[in-house]
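# Structure assessment
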Amino acid sequence: MDPELIADCVHCGFCLPTCPTYVLWGEEMDSPRGRIHLMGQHVEGTPMTPEMAGHFDACLGCMACVTACPSGVRYDRLIEQTRAVVEREHVREPADRALREIVFRLFPYPRRLRALRLPLRLSAGARRRIAPRLERINPSLAAMAGLAPDVPDRVRLPRRVRAVGRRRATVGMLTGCVQGEFFPQVNAATARVLAMEGCDVVIPPSQGCCGALSLHAGREEQAVRLARRTIAAFERAGVDTVVVNAAGCGSTMKQYAEILGGEWAERAAAIRTVDLAEYLAALGPVAPRHPLRLSVAYHDACHLAHAQGIRSQPRALLAAIPGLTVREVAESAVCCGSAGTYNLLQPEAARELGDRKAARVLDTGADLLVSANPGCTMQVTAALRRRGGPELPVAHTAQVLDASLRGLAKVP
């Protein structure tokens, strides 16, 4: 924990109303300034107690406080540093330790996630029926059962998708782990949209997890290893710009130079990471938009809005589609409770936040919810499902653009 970053906090309290856990519980130690106070205590010699670790674990890492802070406190770096200290110094209970091992030996590895596709496909209804019984046994297991999406057919993307018409740029595309295995249709739509806007899209087959889940959970060694592998994959592909369609992945990849250091920092800095909406907005449209007669509620993923500062670009891209209306979600800056692996490791708090977000989404009366992060999509979909009634479909920004550019009657 960097004492200089800790000292930047003047404890003004502007962060309090933006912090999801403070909004839920009203506890000072579960606010950003309260956690910074605990960080300062630890730097000054206070041991990492279970209570202290619990307050750090309860943080979603949503970075809403970074947006709200008038002093520019780098809470994002502080909580990542702190979680690494927690993982080194805090001895977890056996059940918690076992759960974390399962999560981080599974989710960052696409091939291991791929092995789950068949059982998930065969038992989607059964998983939801047994979730209440699992809740009594282990809330995290119940969360896994409730969050797992209906898995679509696997999509095999080529190594290169050629630009439609005149080539304007050549970009790499991150396929990711959860996005690639559970939402392959989003990656396919992303590649098509980029191609229709004049980009050659290079998709290295050797890529994998970018390290975001591990970094946000304090597992530094795993995060660094996965980050280096990602950099090397795109170096071999010969691209210097990588387009990312998952908010958490894009946020982490933009930090590579900061978290790696040395030679790897230089190699990371040579590759520009851009979010899909950010890139398309800067590139400008050439492909004609066809009408989509629907209203959409746009959900701000925390690692897009707060960590990357990307808010206007997705809205502008959606609003430029003829016939489409964008409706704002109340409390848009408050996290939905996904936060990487938070909804698996802190299921009770995540469920409260998910239910709160689902209610705000339904209040819009929109026909479709648009999300730019796979974790958010799973989290809000599960919360909407718990409410009963007709399900509100959820799509990625890329899928909406893809439907318009291809002249489809609706978003698939």
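Scroll up to find the structure.
First, a word on what this report is: a plain description of the structure on this page. (Residues numbered from 1 in each chain as written. Predicted model: local features only at pLDDT ≥ 70, side-chain atom pairs only at ≥ 80, totals over all residues. Heavy atoms only, no water.)

## Quick look at the overall build of the protein chain
- On a plain count of helices and strands, the protein chain comes out with 25 helices and nine strands.
- For the protein chain, the C-alpha radius of gyration of 21 Å lies close to 22 Å, the compact-globule estimate for 412 residues.
- Along the longest, intermediate and shortest principal axes, the C-alpha atoms of the protein chain span 65 × 55 × 40 Å.
- Burial statistics for the protein chain: of 412 residues in total, 58% are counted as buried.
- Contacts in the protein chain between residues at least 24 apart in sequence constitute 78% of all its contacts with a sequence separation of at least 6. (Helix = DSSP H or I, 4+ residues; strand = E, 2+ residues; numbered from the N terminus. Rg over C-alpha atoms; globule rule 2.2 N^0.38 Å. Buried < 20%, exposed > 50% of the residue type's maximum accessible area, 1.4 Å probe, protein only. Contact = heavy atoms within 4.5 Å.)

## Details of helix α4 (residues 50–57)
- Of the residues making up α4, those classed as buried are Met52, Ala53, Phe56 and Asp57. One face of α4 carries all of its buried residues, which in axial projection span an arc of 140°. Exposed and facing more than 90 degrees away from the buried side of α4 are Pro50 and Glu51.
- Summarising the contacts, the buried residues of α4 are in contact with α3 (32–43), α6 (75–89), α7 (94–106) and α22 (342–345). (Arc of directions from axis to C-beta.)

## Regarding the nonpolar core
- In this structure, Leu194, Tyr279, Leu368 and Val400 are the most contacted members of the largest nonpolar core, which totals 54 residues.
- Sort the elements by how many residues they give to this core and helix α13 (residues 184–196) lands first, with six residues.
- If we skip the residues at most four places from it in the chain, leucine 368 touches Leu294, Ser295, Val296, Ala297, Leu392, Pro393, Val394, Ala395, Val400 and Val411. (Core = buried A, V, L, I, M, F, W, Y, C linked by side-chain atoms within 4.5 Å.)

## As for α7
- In this model α7 runs 18 Å from its N-terminal to its C-terminal C-alpha over 13 residues, within 8% of the 18 Å that 1.5 Å per residue would give.
- Within α7, burial applies to Leu99, Arg100, Val103, Phe104 and Leu106. With its buried residues spanning 165° around the axis, α7 presents them on a single face. Away from the buried face of α7 by more than 90 degrees, exposed residues Pro94 and Arg105 are located. (Expected span 1.5 Å × (residues − 1).)

## Some details on the pairing of strand β4 (residues 241–244)
- Alternating positions in β4 separate into two faces, Thr241 and Val243 on one and Val242 and Val244 on the other, with burial throughout.
- As judged from the two bridges shared by strand β2 (residues 169–173) and β4, these two strands associate in the parallel manner. Of the residues in β4, the one forming a bridge with glycine 172 is valine 242.
- Bridge count for β4 against strand β5 (residues 272–275) is four bridges, and the pairing is parallel. Bridging across to β5, valine 244 finds its partner in aspartate 275. (Pairing = 2+ DSSP bridges.)

## Overview of the sheet that holds strand β1 (residues 160–161)
- With mixed pairing, the five strands of this open sheet are ordered in space as β1-β3-β2-β4-β5. The open sheet has two free edges, formed respectively by β1 and β5, since each of these has just one partner strand.
- In the packing of helix α19 (residues 276–283) onto the sheet, contacts are made with β2, β3 (199–202), β4 and β5, and the angle to β5 comes to roughly 90°. (Axes fitted to C-alpha atoms, helices over the stretch in contact; angles between N-to-C directions.)

## As for the packing of aromatic side chains
- Per the counting criterion, the structure on display carries zero aromatic pairs.
- The lysine or arginine in question, arginine 267, covers the ring of tryptophan 264, its NZ or CZ lying 3.9 Å from the ring centre. (Phe/Tyr/Trp six-rings, centres within 6.5 Å; stacked < 30°, edge-to-face > 60°. Lys NZ or Arg CZ within 6 Å of the ring centre and 35° of its normal.)

## A look at the sheet that holds strand β8 (residues 368–371)
- Pairing is parallel in the open sheet, where four strands are placed in the order β7-β6-β8-β9. Taken across any chain shown, the strands that pair with only one partner, and hence form the sheet edges, are β7 (324–328) and β9 (394–396). The average angle at which neighbouring strand axes cross in this sheet is 35°, direction not considered.
- Summarising the sheet, β8 and β9 pair through three bridges and their orientation is parallel. Residue pairing across strands places leucine 369 opposite valine 394, the latter belonging to β9.

## Some points on the pairing of strand β6 (residues 294–298)
- Of all five residues in β6, five are buried, a share of seventy percent or more.
- Because side chains alternate across β6, one face comprises the buried residues Leu294, Val296 and Tyr298, and the other comprises Ser295 and Ala297, equally buried.
- The pairing of β6 with β7 spans five bridges and is classified as parallel. Paired with leucine 294 across the strands is leucine 324, a residue of β7.
- Alignment of β6 against β8, held across three bridges, turns out to be parallel. By the bridge assignment, valine 296 is partnered in β8 with leucine 368.

## Observations regarding the pattern of salt bridges
- A full pass over the atoms with the stated rule returns 30 salt bridges.
- With its nearest N and O atoms 2.9 Å apart, the salt bridge here joins glutamate 331 to arginine 356. A residue pair is termed long-range when its members are at least 10 positions apart, and glutamate 331 in the loop between β7 and α22 and arginine 356 in helix α23 (residues 347–363) qualify at 25 residues.
- Assessed through its relative accessible area of 33%, glutamate 331 is described here as partly exposed.
- The salt bridge involving aspartate 355 is made with arginine 386; its shortest N-O contact spans 2.7 Å. Placement of aspartate 355 in helix α23 and of arginine 386 in helix α24 (residues 374–386) is noted, with a sequence separation of 31 residues between them. (Salt bridge = Lys/Arg side-chain N within 4 Å of Asp/Glu carboxyl O.)

Interpretation note: all reported values are geometric properties and have no functional meaning in isolation.
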